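Chain and residue survey
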Amino acid sequence: MTAAIEFREVSRIFGDVRAVDDVSFAIEPGEFFAMLGPSGSGKTSCLRLVAGFDSPDRGQVLLDGSDVSSVPPYDRNVNTVFQDYALFPHMNVLQNVAYGPRVRGASLQEREKLAREMLDLVQLGAQGGRRPAQLSGGQRQRVALARALINRPKVLLLDEPLGALDLKLREEMQIELKGLQRRLGITFVYVTHDQGEALSMADRVAVFNQGKIEQLAAPRELYSRPATAFVARFVGSANVAGATLAQSITGAATPFAIRAENISVHGENAPAAANAVSAPGSVVAVQYHGAASRWQVKLDAGDVWSALVTEEAARSLIDLAVGARVKLTWPRDAAVLLSPASSGS
Amino acid sequence: MSLRAASTFFYRRPNWYLALLLVPPLLWFGTVYLGSLFALLAQSFYRIDDFTAQIVREPTLATYRQVVTQRANIDIVLRTLTMAVAVTIACAIIALPIATYMARYARGRMKAFFYVGVMLPMWTSYLVKVYAWRLLLAKEGIIAWVFSKLGLLGLLEAALETPGVGGPSLSSSYIGMFIVFVYMWLPFMILPMAAALERVPGSLLQASADLGARPAQTFRNVVLPLAVPGIAAGSVFTFSLTLGDYIIPSVVGAPGYFIGMMVYVQQGTAGNIPLAAAFSVVPIILIFAYLSIAKRFGAFDAL
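Here the structure is a predicted model, which means the values were calculated and not measured. (Residues numbered from 1 in each chain as written. Chains lettered and ligands numbered in written order. Predicted model: local features only at pLDDT ≥ 70, side-chain atom pairs only at ≥ 80, totals over all residues.)

Scanning chain A from terminus to terminus reveals 11 helices and 18 strands. Counting only C-alpha atoms and orienting by the principal axes, one finds that chain A spans roughly 80 × 45 × 35 Å. Taken across its 345 residues, chain A has 41% of its residues classed as buried. The long-range share in chain A, meaning contacts at least 24 apart out of those at least 6 apart in sequence, stands at 62%. (Helix = DSSP H or I, 4+ residues; strand = E, 2+ residues; numbered from the N terminus. Buried ≥ 20, exposed ≤ 12 C-beta atoms within 10 Å, placed from the backbone. Contact = placed C-beta atoms within 7 Å.)

Below, the structure is given as structure tokens:
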């Protein structure tokens, strides 16, 4: 099967910044693909290369098997939902949605019929006559979606589409987007810096850092088996032991990651359990989150780690306050060994 | 009352603070600006006695009747209006590519260069520029010289033979006057247009291309409609400045009177203040008419 999108050794360089640095990957047709990373990591640059707003300095971008590196955006069968929605302020909602067919030469009747269908699809059928400025953030988001989908693109690009919405609306839209993608069978490429969003919606996630892909995997694998220290920290904020710290804790210099929820906190003199690893330290802060609290502990070996303590486990720690001496312990097999090369980043 | 107490007083009472800020300029604006405008309006409802040359201070529409019924006066209004419309259209056409470049493409030094370049002519004396243009446009001036060197003198002469707008030389024709007007008011069109285009987010143009619009379609469907408020603002400047100007028509161009010259002559040598006042009301009416037409065509919808 031909990949919907393929990057072959693509680089995009601005001055001395390698925004995209020799990146290769392929996205399958119908896949929900997330590009995850902090700002400036290259994810949006990759999206712009797919949309055609930018062209690669090196390598090839392929859509459906053909090289589109020099094809302008208006000749690509790809549409984008912009971060700021980019709705045309001088057109009403219906005209905004009908814009794609309009510039492709559809008659007024034809394009308005199509636009109404798309507005119904995003449950905005009654809002066609309004101006974008009269809509709420969530409604604008849906208009942007309808406008991008009306050309029946093979690939829909979404650039942090939910970034401007509040938490509750964001969660509703996540479910809706995922359902829409399943119904339409279109390839979605979803750029976000929110790891929760990427994990909950995507079939596969590419984690970007400094213009490169650190790891490309399914969400579950990404979370349970991060390949690098960067991924371990960025996806689910794990505690990472670099070579030196690993040496002092386990005696071996292989870096590893351990999730906060796998660490338990004990008094300094608690007996060691079988098959457990432990590290001594002192409590820096305790943040109460309801079902659990997060304990920040400064290890004697240097780093500050966090442990997630359930309310039940917290009962035995009731007399421990900030500054108290504690011991962090975790089952030996809960630690994920990382590739040593990038553990420093 | 100490300064601190005064600060607290005004902080707690925003309306008092606003009053402190606004009352002095509003008094000035109200008395000097609006006051003189209404005095002018009032004058236009007086008339001059033809025998004594004295102003008759009784409300009458006689002076306005004079403006709208006498052939010479109608010609003056039409001549000025035609020039103002032509100058506005020409300024808009020339300004659009320049403003588009300044707002959307130029960066850093190039952008600064363009903004300074557009404003620089406004920093020199208006009269110097007008008289300089008279020399440039003269029969032996540099423009005629360039045309003759290029072997295009025939073209220039053909243009000057055009009935109505031609004349013995550029400096004594309506074509020459038109060129000077366009030159003078161009910055007033470029700057608001560039300001309007600066406010258009780049993502709108990307969205248009993304949805399949070629650059020409994007320009027509997105850039131009969003530049319209700027064009409208700029055209109010070029239109009203042309309607009111009396120096350019008296230094450059054919001998026919313009509204501004008429006001100048009537209130000065002729001493006919009511007629001068009635003529000054004409541009106000024309600009109101222009604005309401622009509004009807949706020029301010994107504001």
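Residue and element names in this part refer to chain A. Where strand S15 (residues 292–299) lies against strand S16 (residues 304–310), seven bridges are found, and the strand directions are antiparallel. By the bridge assignment for S16, Val297 is matched with Trp305. Once S15 ends, the chain turns through four residues before running back antiparallel as S16, passing Gly302 with a positive phi of about 135°. (Pairing = 2+ DSSP bridges.)

A word on the packing of helix H4 (residues 71–105) of chain B against helix H11 (residues 215–244) of chain B. Residues and elements named next belong to chain B. Following both chains from N to C, one finds H4 and H11 inclined at 140°, their axes separated by 9 Å at the closest point. On the basis of the axis angle, H4 is oblique to H11. In this structure, H4 meets H11 at a crossing whose hand is right-handed. Mapping the contact onto sequence places Thr80, Met83, Ala84, Val87, Thr88, Cys91, Ala92, Ala95, Leu96 and Thr100 in H4 and Val223, Ala227, Ile231, Gly234, Ser235, Thr238, Phe239, Thr242 and Leu243 in H11. The residue inventory of the contact of H4 with H11, partitioned by class, reads 12 nonpolar, seven polar and no charged. (Axes fitted to C-alpha atoms, helices over the stretch in contact; angles between N-to-C directions. Parallel < 35°, antiparallel > 145°, perpendicular 65-115°, else oblique. Left-handed = near helix turned anticlockwise from the far one by under 90°. Nonpolar A, V, L, I, M, F, W, Y, C, P; charged D, E, K, R; others polar.)

The next subject is the domain arrangement of chain A. Residue and element names in this part refer to chain A. When the domains of chain A are assigned, the result is domain 1 (5–228) and domain 2 (239–342). On a C-alpha basis, the centroid separation for the pair domain 1 and domain 2 is 39 Å. Each partner contributes residues to the interface: domain 1 has four residues there, and domain 2 has five residues. Grouping the amino acids of the side of domain 1 that touches domain 2 by side-chain chemistry returns two nonpolar, one polar and one charged. (Domains from an automatic or database assignment.)

Take the sheet that holds strand S7 (residues 155–159) of chain A next. Residue and element names in this part refer to chain A. The strand order across the open sheet formed by six strands is S6-S7-S8-S3-S9-S10, and the pairing between neighbours is mixed. A single partner strand is all that each edge strand has here, and the edge strands are strand S6 (78–81) and strand S10 (212–217). Here the strands of the sheet are splayed against their neighbours by 20° on average, with no regard to which way each runs.

The subject of this paragraph is the sheet that holds strand S1 (residues 5–14) of chain A. Residue and element names in this part refer to chain A. With antiparallel pairing, the four strands of this open sheet are ordered in space as S2-S1-S4-S5. Strand pairing shows two members of the sheet lacking a second neighbour, strand S2 (17–27) and strand S5 (66–67), which therefore form its edges. As paired elements, S1 and strand S4 (residues 58–63) share five bridges and run antiparallel to each other. Within S4, the residue paired with Ile5 across the bridge is Leu63. Sitting on the sheet, helix H1 (residues 43–51) touches S1, S2 and S4, and the angle it makes with S2 is about 60°.

Often the size quoted for an interface is simply the accessible area lost on bringing the parts together. Taken together, the contact between chain A and chain B spans 19 residues of the former and 18 residues of the latter. A per-class count over the side of chain A that touches chain B returns 11 nonpolar, five polar and three charged.

Let us now look at the nonpolar core. One broad trend across soluble globular proteins is that nonpolar side chains are buried collectively. Residues Val189 of chain A together with Met193 of chain B are the most contacted members of the largest nonpolar core, which totals 159 residues. The dominant element in this core, judged by the number of residues it contributes, is helix H9 (residues 174–198) of chain B, at 19 residues. Counting only domains with at least three residues in this core, you end up with domain 1 (5–228) and domain 2 (239–342) of chain A. In this view, Val189 of chain A contacts Ile5, Ile27, Phe33, Met35, Leu47, Val50, Val155, Leu157 and Leu158 of chain A; residues no more than four positions away in its chain are not counted. (Core = buried A, V, L, I, M, F, W, Y, C linked by C-beta atoms within 7 Å.)

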